Amino acid sequence: VHNFPPKHSTHAPDSPTGQEQFFYLNIFCVVCVVFQLIEDPVEIINSKLEVQAFERIEDHIKLIGFFKSEESEHYKAFEEAAEHFQPYIKFFATFDKGVAKKLSLKMNEVDFYEPFMDEPIAIPDKPYTEEELVEFVKEHQRSLGWIGPSICI
């Protein structure tokens, strides 16, 4: 009669130990963060379906702007500001007049949404520089009690 696995073993022969599991979990966290940083800092919204998906994001700080094109200096400043907060704060943009109308956005306007908030705050004094956008987000994330990125455990 074979006792497999042996009676004194507390795990299957090929299962990782606690230290190995911790190592694999940490590697997984690093890979997740790297993949998030590879993503574009701004997600472009081009359709009504994408607007609906945007509107369903309720539990994150998010910003959306309406710009003439990806070459616009205002969009480039918005994109550079987004890189400061990626992946913790979501930045969205549209170049589509129909999408902008649905979201009540004016050209070069950026709206700031707090979690579970129906109506956004239009960031004052448009057009914006990268520094102005970064400063606005930093001021408002502090008032929301945002303390920084989640820690992988």
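Look up: the structure comes first, before these words.
We now turn to the structure provided with this report. Throughout, a residue's number is its position along its own chain's written sequence, starting from 1. Confidence filtering applies because this is a predicted model: local features only for residues at pLDDT of at least 70, side-chain atom pairs given and counted only at 80 or more, and all residues used for totals across whole chains, interfaces and linings. The side-chain numbers reported here are obtained from all heavy atoms of the structure, hydrogens and water having been left aside.

Overview of the packing of aromatic side chains
Each aromatic pair joins two rings of Phe, Tyr and Trp (for Trp, the six-membered one) with centres within 6.5 Å, and gets the label stacked for planes under 30 degrees apart, edge-to-face for over 60, and tilted for any other angle. Applying the stated criterion across every chain, the model contains 8 aromatic pairs. Measuring from centroid to centroid gives 5.4 Å for Phe 54 and Tyr 113, while their planes differ by 85 degrees, and the two rings are edge-to-face. Taken together, the positions of Phe 54 in helix H2 (residues 48–56) and Tyr 113 in strand E4 (residues 110–113) put the pair 59 residues apart, joining distant regions of the chain. By the burial criterion, Phe 54 is buried, and Tyr 113 matches it. Seen from their ring centres, Phe 112 and Phe 136 are 5.4 Å apart, and the 85 degrees between their planes marks the pair as edge-to-face. Taken together, the residues Phe 112 in strand E4 and Phe 136 in helix H5 (residues 130–143) connect sequence positions 24 residues apart. Per-residue accessibility, obtained with a 1.4 Å probe over protein chains only, is compared with the maximum for each type, and a residue is labelled buried under 20%, exposed over 50%, and partly exposed between these values. Judged by its relative accessible area of 11%, Phe 136 falls in the buried class. Numbering goes from the N terminus for both helices and strands, where a helix is a DSSP run of H or I of at least four residues and a strand is a run of E of at least two.

Comments concerning the pairing of strand E2 (residues 62–66)
Summarising burial for E2: 5 of the 5 residues are buried, a large majority. Of the two faces of E2, the one holding Lys 62, Ile 64 and Phe 66 and the one holding Leu 63 and Gly 65 are both buried throughout. Pairing between two strands requires that DSSP report at least two bridges joining them. Summarising the sheet, E2 and strand E3 (residues 90–94) pair through 5 bridges and their orientation is parallel. When the sheet's bridge partners are listed, Gly 65 is paired in E3 with Ala 93. As a crossover connection, the stretch from E2 through helix H3 (residues 73–85) into E3 is right-handed. The pairing of E2 with E4 spans 4 bridges and is antiparallel. Directly across from Gly 65, in E4, lies its bridge partner Val 110. Call a crossover right-handed when, viewed with both strands pointing away from you, the route from the first strand across the helix to the second goes clockwise.

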